[in-house]
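# Report on the structure
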2 protein chains.
Amino acid sequence: MKTLKILSVSLLMSLYTGTAQEKPVDYVNPFIGTSNFGATNPGAIAPRGMASVSPFNVAGKQNVLEKDSRWLSNPYVHENSFLTGFTHVNLSGVGCPDLGVIITMPTTGDLETDHLKYGTTYTDEVAKAGYYSVNLSEYNVRAEATASTRTGVTRYSFPAGKSNILLNLGLGLTNEQGAMVKVVSPTEIEGMRTVGSFCYNSPEHAYPVYFVAKFSIPAEEFGIWKKPATYEGVEAQWMTYNGKTRMMKDFTREVVGDSIGAYFRYDFKKPTQVEVQIGVSYVSIDNARKNLEKETGGLSFDVVYEKTKNAWNEQLSRIEVEGGTEDDKTIFYTALYHTLIHPNIFNDINGEYPEIATGKIGKTDKRRFTVFSLWDTYRNYHQFMSLLYPDQQLEMVKSMLDMYDENGWLPKWELNSTETFTMVGDPASVVLADTYLWGLTGFDIEKAYEAMKKGATQLEDNPIRPALDDYIRDGYVNSESLPDGVVSTTQEYNIADYAIARLAKALGKKEDYQLFSKRSLSYRKLFDKKLKLLRPRNPDGSWYEPFDPVKGANFEKNMGFIEGNAWQYVFMVPQDIEGMIKLMGGRKNFETRLDYIFDNGHYDMANEPDIAYPFLYNYVKGSEWKAQKRVRELLDTYYKNAPDGLPGNDDTGTMSAWAIYAMMGIYPVTPANPEYTFVAPRFSKVTIHLDTDYYAKDKLIITSDNPGEGRYIDKIIVNGKEHQGYFISDKKLLSAGEILFHSSKKH
Amino acid sequence: MKTLKILSVSLLMSLYTGTAQEKPVDYVNPFIGTSNFGATNPGAIAPRGMASVSPFNVAGKQNVLEKDSRWLSNPYVHENSFLTGFTHVNLSGVGCPDLGVIITMPTTGDLETDHLKYGTTYTDEVAKAGYYSVNLSEYNVRAEATASTRTGVTRYSFPAGKSNILLNLGLGLTNEQGAMVKVVSPTEIEGMRTVGSFCYNSPEHAYPVYFVAKFSIPAEEFGIWKKPATYEGVEAQWMTYNGKTRMMKDFTREVVGDSIGAYFRYDFKKPTQVEVQIGVSYVSIDNARKNLEKETGGLSFDVVYEKTKNAWNEQLSRIEVEGGTEDDKTIFYTALYHTLIHPNIFNDINGEYPEIATGKIGKTDKRRFTVFSLWDTYRNYHQFMSLLYPDQQLEMVKSMLDMYDENGWLPKWELNSTETFTMVGDPASVVLADTYLWGLTGFDIEKAYEAMKKGATQLEDNPIRPALDDYIRDGYVNSESLPDGVVSTTQEYNIADYAIARLAKALGKKEDYQLFSKRSLSYRKLFDKKLKLLRPRNPDGSWYEPFDPVKGANFEKNMGFIEGNAWQYVFMVPQDIEGMIKLMGGRKNFETRLDYIFDNGHYDMANEPDIAYPFLYNYVKGSEWKAQKRVRELLDTYYKNAPDGLPGNDDTGTMSAWAIYAMMGIYPVTPANPEYTFVAPRFSKVTIHLDTDYYAKDKLIITSDNPGEGRYIDKIIVNGKEHQGYFISDKKLLSAGEILFHSSKKH
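Chain A carries the name Glycoside hydrolase family 92 protein in an unreviewed UniProt entry, which gives Sinomicrobium pectinilyticum as its organism. Recorded in UniProt under Cofactor (unreviewed entry), the annotation for chain A is "Ca(2+)".

Laid out in structure tokens, this is it:
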């Protein structure tokens, strides 16, 4: 099978001409997003890795944010202080807890398997792309982590004396429990762990992740621990061991249970390093072993890290930036890094993966991608992938179509071949149309169209678009169609319909084009002219009462909106901004309304619905400087070279893609319409290396004479000619070669 | 590998000349022992089968004896009434709960997975050797069971309509929990279940039993159910499914957990039979599948049953009886059946089995036996095996020696390659010596002797003989050596030392013979001449106080004795009956003391220590009729053709072996001394078919002219000559050809 596309070495070299300290990979700060609920983690991961190794510090009351005390979706929180191990499968930038399991932990002295007792404070954290390390205060052990695509690798530097490596399968971020473990030999452990119930949904689809762990030094002693559930009934009086943790020394058979683990023990004469490689698979233990053997078998920690670091640098070097502060570069390359984590590779080294919903094991010679947080990513992430990594975007689209083949439906929020049905709308249709219309046509567009149309038209047993009948009949989902979020749902269906219409037009399906174009504007029926907001209607057409425009922020459930309120949704009609301008009573009113939202705290940078708002000023001629101003302010306020340096949940790279675009000075404001709008870039020069397998030009250079505070664009030169307006089509952009922003101080 | 030795067909035919209704196999009543804590079960099993299928009716308060409400060691109790499935691995006649798992259950209508809800009353039970069936009242389903050695086979006759077959891995007799299950296809399920902690000991050695289940009709719908532990913490508020059973329809991945199962569903147009074959293995799922495929693959229920029935008949036909009532024959052949359940085969069809303690998978081309309840079976069971099934006895001995090779120690109470260390003493030594001295010399006697001597002499880290140093120094284990049972332990060590001495003599090891002969009599130091009882001593040699001769009956713990009191132990010196006669002050006092015990309710037929007491009258010339009388009374009182037809726990066939011997008129009163003593037989003619691979004569015939009530032996004719006394050596017995008892009315 094909591996991540590698640019030739000579190209790689040519990409970069600076000193060793200044490679793009050196600008990655994985701590960004590890506070302020960014939900990233500082762990080691390869680009789009299935395995990753994250420090796990969210268990135990010693921590500020404890996993069981709230809705917490990340294995690591920067302000916490009590570490209980290193997890080997993790999600990054998602809003619900899952994975965060297969935990290793080095300790010294006597064996202790209770994480509340073996946990420790720590110092001297280091995190880089593909690398994490920390000193464990209690044990004087340095723990380091790196990873290949499917294998997590750790290295523990023990002092002389008794040392232990725990493999804890009881503890985890996921609420799912149940594991199997077997010590195969003094250098190998295999097993599985149950994960799933993402967003506290679909527990019946909880599923296994398999692993094989190989140790560089044979255990001098090994065993299993198991803490069974407490037995009830009179008979329990004879069970002196009832509910207690049992230590199964030398045990080499399978052990299953909710709270189990394996331990390896050593007694080192002198300080000693032990390296642990953990291959993972969602297919089988055998495949986990194959993944490990093929990727890291026989390789030292240092070699694995070097390969992964190089892989990161190759990916990150697709964009070079000059100018800007060191922090700007760190924010930029870390954002780019965060866009290269999910969707991640899901198939094993032999091509096998669990199909979605069928229970079968599929096989592919492509990459099978997973973790499609499409409600987020349809807005800007996949556009960015099409621009920078067209080969990856195409394989993501193909993965989505394979899901359709397997499942009968496009994905909605797919996670490791489970459909979590999180969020609303029909975002896959937008991504498929956008990719094709962008010019990446190398996939089965007829199948894609069939799949999109099925989701948009099948009235019964349609898991993608609930209340579709109401939507088609009335143009909106009403207050009795669904328990909440009916306006949001209508808007999302509109956007998806717009995408279908656009694609239909491109495919010459004129009737569909007419039909879906019309459907895409039906949100207008929810526009209350008095309030100048969208609001929910009852089945009889009357407005749903009560209506509070502010209700819905901070994830508060409400009838109209999902994860947002009326302010944050009213302009989320990218398919019909001109229509919205009319509804608002003209450009002036449109601009005033936008101003009102920003100036009165109604804008929420932390979530997706209003993500494109600042760019909408570009629709008001003469006020484009406000787009530049708002974007600059938002970047300055929310994107920092610090753990709280993301506005909130990264949403599998969507927030990061926003920052990348914003810092480069372009933004794809309308999904499924391959057009960019301009703002002032953050850097004096941005060089985007284009993939010449897909694009005629090998680069796009964006330069800016002064993108700083108080200065705004007064002229945009595209290929030496002054560009009219603040929008540019994909074709023009890709063939531009160079875009030059002239700025002057004004406003 | 070698299968159970099959006598030639012509011999088989010649063994039996009656009508079809009267084959030995037809006299087996598996309900005997299913009440009165006999701990047998009426399930279907092949001779020495690893798999068996027992009805499971000990869960739920609807039952008189509920498994969690007391110490209950059997999957079935005859007086219970609420059945919750059919278990596929079971123990028979043991005193501690274990196994009783891999439960199938047919139901109809809606799917219900809670055994308290799906359980049902039942009628029309039928149990035969290798067969069990029952009507499930709630469902109008007839459930039938049979088994090959390693595969349990059930057949469910469903009415038309919705039907379900549950495979419940949560429920079980064992207190261990934890299972894995995977639906492989609509006709196959595989998985494992944790078992162990026998006698509430050694939970750290709990281990897996694997299975593969094949269904004759593909499921129309299938799935898994899982009831996870209830999640605690604030986070649980979002888990609407917290602690609830989840139904995982169509799920085909591994699921692990404490309370899980798989279901197959059907909707039958007409009444339909489904056959389910469940292969088991203690090595792996693959081996379970091989076991199934080789033994029952492609065979119908009826064919499997026929083969198993024939195998039973072949084994049971080794003894023919004539005369006696139908009940006598049923009691006799059921007892014989019960001696052919444990020790059972443990290796898979490919020879593999888990070694004891090492964690390795061993391989053998012999039969590997397991379930060695040696504290029970050394007394008469293995003597009987040597007589009737010498090939099996030899392979049992070889299995014990293989355990020594693997483990460094002979077994004590071995169960599925775990050493449970239940009971006291060093019984393996007795069995090894007895077998060799009986003339079955086809095993590595030097290794055996080395193993025996190690257990008898290694002072430190000796798991077989705790407090051995005290025993060797003082001749007894004192009141501070062990928490309880110090007299019993001393007596058991004496008996084992006697066996070693006897073997040493036979092997020409004169010094050892002297040493161990002397050691074997040291119990005498515990004889209190005043009380004429054995009693515990303190370390300083003084008597331990308080001393109550009655204390210790009914499993009451006490300093002196294990599972018995001073009365039940005082004559348990089979190696030194003449010495005991002297201690008692001569034969008259000896006899009076015996009478006192029997006549005052101090004799306990339900346990082993005093099992040989009634035969001890044969040591008192002129009083041998009392042996005949006591034995006849005990048989009449405790052995019945009824569920409560065993005196108590069958102790893996020991109680049954007692009855067989007693009914044949011979008993091996002194272990490791191949000598029999006589009582009046129950039958007018007993023909024992001897294995001519081992013995010169092909049969031993025991006839009796009138063994009935009020008549006693007045003459014993051996090979036509009047025999002197009531004892006969093994050699004389085996070469006797015929023994004739003349009886007359007297006393």
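The structure having been displayed, the exposition proceeds.
## Description of the sheet that holds strand E35 (residues 738-745) of chain B
Residues and elements named next belong to chain B. On the basis of which strands lie adjacent, the open sheet formed by six strands has the order E18-E30-E31-E35-E32-E33 and mixed pairing. Of all the strands in the sheet, the pair left with one neighbour each is strand E18 (319-322) and strand E33 (721-722). Two strands pair when backbone bridges link them, and strand E32 (residues 711-718) and E33 are joined in this way by two bridges, in the antiparallel orientation. The residue of E33 that forms the bridge with valine 718 is lysine 721.

## Structural notes on the packing of aromatic side chains
Inspection of every chain in the model, using the stated rule, returns 78 aromatic pairs over all chains. Centroid distance tyrosine 639 of chain B to tryptophan 658 of chain B: 5.8 Å. Interplanar angle 5 degrees. Geometry classified as stacked. Remark: tryptophan 658 of chain B occurs in helix H18 (residues 654-664) and tyrosine 639 of chain B occurs in the loop between helix H17 (624-638) and H18; sequence separation between them is 19 residues. As far as burial versus exposure is concerned, tyrosine 639 of chain B and tryptophan 658 of chain B are alike and both buried. The rings of Phe384, Trp438, Phe615, Tyr639, Trp658, Tyr661, Tyr667 and Tyr676 of chain A are connected pair by pair, giving a single aromatic cluster.

## A few points about the side chain of asparagine 168 of chain B
All names here are of chain B. Topologically, asparagine 168 is positioned in strand E9 (residues 161-168). One polar contact links asparagine 168 to tyrosine 118, side chain to side chain, over a distance of 3.1 Å. A polar side-chain atom of asparagine 168 sits 3.2 Å from the main-chain amide nitrogen of leucine 171. Those residues in contact with asparagine 168, other than ones at most four positions away along the chain, are Ile102, Ile103, Thr113, His115, Tyr118, Trp225, Ile260 and Gly261.

## Focus: the nonpolar core
Membership of the largest hydrophobic core comes to 449 residues, with the highest contact counts inside it found for Ile319, Phe590, Trp658 and Met664 of chain A together with Phe590 and Trp658 of chain B. In contact with isoleucine 319 of chain A, other than residues within four places in its own chain, are Phe332, Tyr333, Leu336, Phe384, Leu388, Ile660, Met664, Val686, Thr687 and Ile688 of chain A. Listed in part, the 14 residues of the second largest apolar core include Val256 of chain A together with Met180, Ile285 and Ala288 of chain B.

About the cut-offs
- Residues numbered from 1 in each chain as written.
- Chains lettered and ligands numbered in written order.
- Predicted model: local features only at pLDDT ≥ 70, side-chain atom pairs only at ≥ 80, totals over all residues.
- Heavy atoms only, no water.
- UniProt positions renumbered as here; feature names shortened; annotations may be inferred.
- Pairing = 2+ DSSP bridges.
- Helix = DSSP H or I, 4+ residues; strand = E, 2+ residues; numbered from the N terminus.
- Phe/Tyr/Trp six-rings, centres within 6.5 Å; stacked < 30°, edge-to-face > 60°.
- Buried < 20%, exposed > 50% of the residue type's maximum accessible area, 1.4 Å probe, protein only.
- Polar contact = N/O pair within 3.5 Å; in protein donor to acceptor, adjacent residues only side chain to side chain.
- Contact = heavy atoms within 4.5 Å.
- Core = buried A, V, L, I, M, F, W, Y, C linked by side-chain atoms within 4.5 Å.

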